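Reading the structure
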Amino acid sequence: MSAVKPSHSSPTDEHDDSQKLHALKSTLAWTWLNFLGDVSQSEVDILLLSTAFKFLLFPAYRSTDFEVHRNWLAITHSLPISQWYYDTTSEWTLDYPPFFAYFEKLMSIPASFIDPKIVDLQNLQYDAWTVIVYQRLTVIISELVLGAALLRFIRDSVDPSRQRILSASLFLHPGFLIIDHIHFQYNGFMFGILLWSILMAREGRKLASGILFAVLLNFKHIYMYLAPAYFVYLLRSYCMSPAGAIIPTRFISLANSVLLVFLASLGPFVLMGQLPQLLSRLFPFTRGLNHAYWAPNAWALVTATDRVLLQLVKHLDVGLAVNESGVASTSRGLVGDTVFAVIPNIKPVHTFIITIIFQMIYLIKLWRAPTYKSFVAALTLCGYASYMFGWHVHEKAVLLVLVPLTLLASENYAYYKTFVIASVAGIFSLFPLIFTPAETLLKIIYSLIWGGMVLYPLHKQLYEFPSSLPWVLLESFENAYLYGFALLQVFITIFPLMTGGNPDTEFLPLMVTSVYCAAGLIWSFIRLSTLYITQQY
């Protein structure tokens, strides 16, 4: 009987075994993400590192929106539903649709156990560490809806490597960092619902896409700017045959599904006879054309032009009539009605008509070409037109443009360049939201790192040398504009030091920021409109 020889494993075998064990542990640890497909280690690393970074922002600057949402926790927890849209204990009254109120109600339950003072309706301006940590955590956790959608976008995409860059760019977007994790809001969560809806459209599950968008509308009504694109796309591609005939079963199923969503949201308030009160909270029409800090859109340039004409009237005899009530109106940096000094005043009906005209151009194209890519482009442009020409647009609404536009960024170099100009101008336009010294340095460095990680790799993959001299000159002007943001930041930093905080010029850096960003966003809007109208789908 022969002796059994002992086996000896080589270092290479031991290394392979340790790698397999590590992979197995990683797989077991993340099996709960299986519905998203295979989750890579790099994707897990991005989630963990970004979450750790957001934890470090807990002590950062918080805007009044932080107290707004704490008060909404208190309203929905302390009062019966019949009083939610009537309460005026705080100036920060509930003015989001019912699904968001239900969301606040859900979040108020653990909050009441963690610290009952969080949901005390009379405990205004409460800023203990318990409420800071809790509310910051709710933003991070709810943002996982966005992260999950972005992972699903990578799966089955035409070019996973490019889509991985785009998904990472959205999850790590400076806009979400500034608005949600410093300033404080829940945009990541709600844009996550939007992206899930768009994803359903990509996968051909159009009924689910429509239902999710209806849900989103009942979380935040600002997304109604995108509704025309959804209406045309779903009607044309889901409810109608290629020959143009209505498919009754699909039309009825979509209509009933959307109706049920709205009934779940608005039904209790309709039964209580409170729908007019609810609508008055959602749509206050007493605000002016511009927000306190002019959102960088078409009206920012119109308002700036009025300021320039006013100075010409003051210093030169140009024979223009001046409206005295408008001399200080548009440069005070205050929320209120906007009155022009020289240019005829803009009314809400004017902004509505202009917005509808532009949207109709894109919707006609979408009707004729109801494909997924055509839908995403039309959706982006509907949001863009509303941002450019809407009434009392807030600078934070630029995310309605930047998020869907990101999905188009890797189509070709023309779309990429449009994305770059809009992104740089749009992100910089958010900088005035964060004005404290420590966060100022943070937002600049973070945005530069994000640009290096996202824009540079896409540029390497998509760059096309201009085909003629005019295109060379145009690209040179565009690049010069982008480099100009460095000079703009220098101006914003040193101007207050040079003027010693002169109240007559304190609004000038904001005005210059708004006008300079508006120039880029308007040019990007023109570029995207031209690409969509001229491209075949």
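On a predicted model such as this, the values are computed, not experimentally measured, just so you know.

When helices and strands are tallied, the chain shows 21 helices and zero strands. Burial statistics for the chain: of 537 residues in total, 51% are counted as buried. Accessible area of the chain: about 25,300 Å², with a carbon and sulfur share of 69%.

A few words now on the nonpolar core. In this structure, Leu-195 and Tyr-223 are the most contacted members of the largest nonpolar core, which totals 143 residues. By residue number, the principal contributor to this core is helix 16 (residues 372-389), which donates 12 residues. Every residue in contact with Leu-195, bar those within four places of it in the chain, is listed here: Leu-146, Ala-149, Leu-150, Phe-153, Leu-170, Val-403 and Leu-407.

Before going further, it helps to examine the side chain of Ser-265. In this structure, Ser-265 sits in helix 12 (residues 248-271). There is a polar contact of 2.8 Å between the side chain of Ser-265 and the side chain of Asn-218. Discounting chain neighbours no more than four positions away, the residues touching Ser-265 are Pro-98, Phe-99, Tyr-102 and Asn-218.

Another aspect to go through is the pattern of salt bridges. All chains considered together, the criterion is met by 12 salt bridges. For Arg-527, the salt bridge is made with Glu-478, and the minimal N-O distance between the two is 2.6 Å. Note that Arg-527 is positioned in helix 21 (residues 508-534) and Glu-478 in helix 20 (residues 469-499), a separation of 49 residues in sequence. As far as the burial class goes, Arg-527 and Glu-478 line up, both buried. Connected through salt bridges with shared partners, the residues Glu-43, Arg-155 and Arg-164 form a single ionic network.

The grouping of Val-349, Phe-352, Ile-353, Ile-356, Ile-357, Met-360, Ile-361, Ile-364 and Ile-533 at the surface amounts to a nonpolar patch, some 800 Å² of accessible area in total. Residue contributions to the nonpolar patch peak at eight residues, all from helix 15 (residues 348-368). Its place among the elements puts Ile-356 in helix 15. For Ile-356, a relative accessible area of 33% gives the class partly exposed.

A few words now on the confidence of the model for the chain. Predicted confidence across the chain gives a mean pLDDT of 88, with 88% of residues reaching 70 or more. Ranking the elements of the chain by mean pLDDT puts helix 1 (residues 11-29) last with 48 and helix 10 (residues 206-217) first with 98. Contacts for the low-pLDDT stretch residues 20-30, under 50 throughout, to residues beyond four places or in other chains number five contacts. Counted against residues more than four places away or in other chains, residues 331-335, with its pLDDT under 50, gives nine contacts.

Running from N to C, helix 4 (residues 98-114) and helix 12 cross one another at 80°; their axes reach a closest spacing of 9 Å. Comparing the axis directions of helix 4 and helix 12 gives the class roughly perpendicular. On helix 12, the residues that touch Pro-98, Phe-99 and Tyr-102 of helix 4 are Val-261, Ala-264, Ser-265, Leu-266, Pro-268 and Phe-269. Of the residues in the contact of helix 4 with helix 12, the class split is eight nonpolar, one polar and no charged.

Applying the stated rule across the entire model yields 37 aromatic pairs. Aromatic pair Phe-189 and Phe-219: ring centres 5.3 Å apart, planes at 85°, arrangement edge-to-face. Note that Phe-189 is positioned in helix 9 (residues 187-202) and Phe-219 in the loop between helix 10 and helix 11 (227-237), a separation of 30 residues in sequence. Neither residue differs from the other here; Phe-189 and Phe-219 are each classed as buried. Members of the aromatic cluster, connected to one another through ring pairs, are Phe-66, Trp-72, Trp-84, Tyr-96, Phe-99, Phe-100, Tyr-102, Phe-103, Phe-184, Tyr-186, Phe-189 and Phe-219. Here the guanidinium or amino end of Arg-62 rests over the ring plane of Phe-66, the centre of that ring lying 5.1 Å away. Sitting over the face of the ring of Tyr-532, Lys-365 holds its NZ or CZ atom 4.9 Å from the ring centroid.

Further remarks concern the packing of helix 5 (residues 129-142) against helix 8 (residues 174-184). Close contact between helix 5 and helix 8 brings their axes to 10 Å; oriented N to C, the two are set at 160°. Judged on the interaxial angle alone, helix 8 and helix 5 are roughly antiparallel. Taken together, the residues of helix 8 that come into contact with helix 5 (itself represented by Gln-135, Arg-136, Val-139 and Ile-140) are Asp-180, His-181, Ile-182 and Phe-184. Of the residues contributing to the contact of helix 5 with helix 8, the split by class is four nonpolar, two polar and two charged.

Across its 18 residues, helix 18 (residues 413-430) extends 26 Å between first and last C-alpha, which sits within 8% of the 26 Å expected from 1.5 Å per residue. For helix 18, the buried fraction is high: 16 of the 18 residues fall into the buried class. For helix 18, the N-terminal capping position is held by Asn-412, with its side-chain oxygen 3.1 Å away from the main-chain nitrogen of Ala-414.

Leave glycine aside and you will find that most residues have negative phi; peptide bonds, for their part, are mostly trans. If you check the backbone angles, Asp-156 has positive phi at about 65° while not being a glycine. Structurally, the position occupied by Asp-156 is in the loop between helix 6 (144-154) and helix 7 (160-171). With a relative accessible area of 78%, Asp-156 lands in the exposed category. Even without a glycine there, the phi angle at His-392 is positive, about 50°. You can see His-392 is positioned in the loop between helix 16 and helix 17 (399-406).

Analysis parameters
- Residues numbered from 1 in each chain as written.
- Predicted model: local features only at pLDDT ≥ 70, side-chain atom pairs only at ≥ 80, totals over all residues.
- Heavy atoms only, no water.
- Helix = DSSP H or I, 4+ residues; strand = E, 2+ residues; numbered from the N terminus.
- Buried < 20%, exposed > 50% of the residue type's maximum accessible area, 1.4 Å probe, protein only.
- Areas by Shrake-Rupley, 256 points an atom, 1.4 Å probe, with all protein chains shown as cover.
- Core = buried A, V, L, I, M, F, W, Y, C linked by side-chain atoms within 4.5 Å.
- Contact = heavy atoms within 4.5 Å.
- Polar contact = N/O pair within 3.5 Å; in protein donor to acceptor, adjacent residues only side chain to side chain.
- Salt bridge = Lys/Arg side-chain N within 4 Å of Asp/Glu carboxyl O.
- Patch = residues over 30% accessible without salt bridge, like charges linked within 9 Å, V, L, I, M, F, W, Y side chains within 5 Å.
- pLDDT = per-residue confidence, 0-100.
- Axes fitted to C-alpha atoms, helices over the stretch in contact; angles between N-to-C directions.
- Parallel < 35°, antiparallel > 145°, perpendicular 65-115°, else oblique.
- Nonpolar A, V, L, I, M, F, W, Y, C, P; charged D, E, K, R; others polar.
- Phe/Tyr/Trp six-rings, centres within 6.5 Å; stacked < 30°, edge-to-face > 60°.
- Lys NZ or Arg CZ within 6 Å of the ring centre and 35° of its normal.
- Expected span 1.5 Å × (residues − 1).

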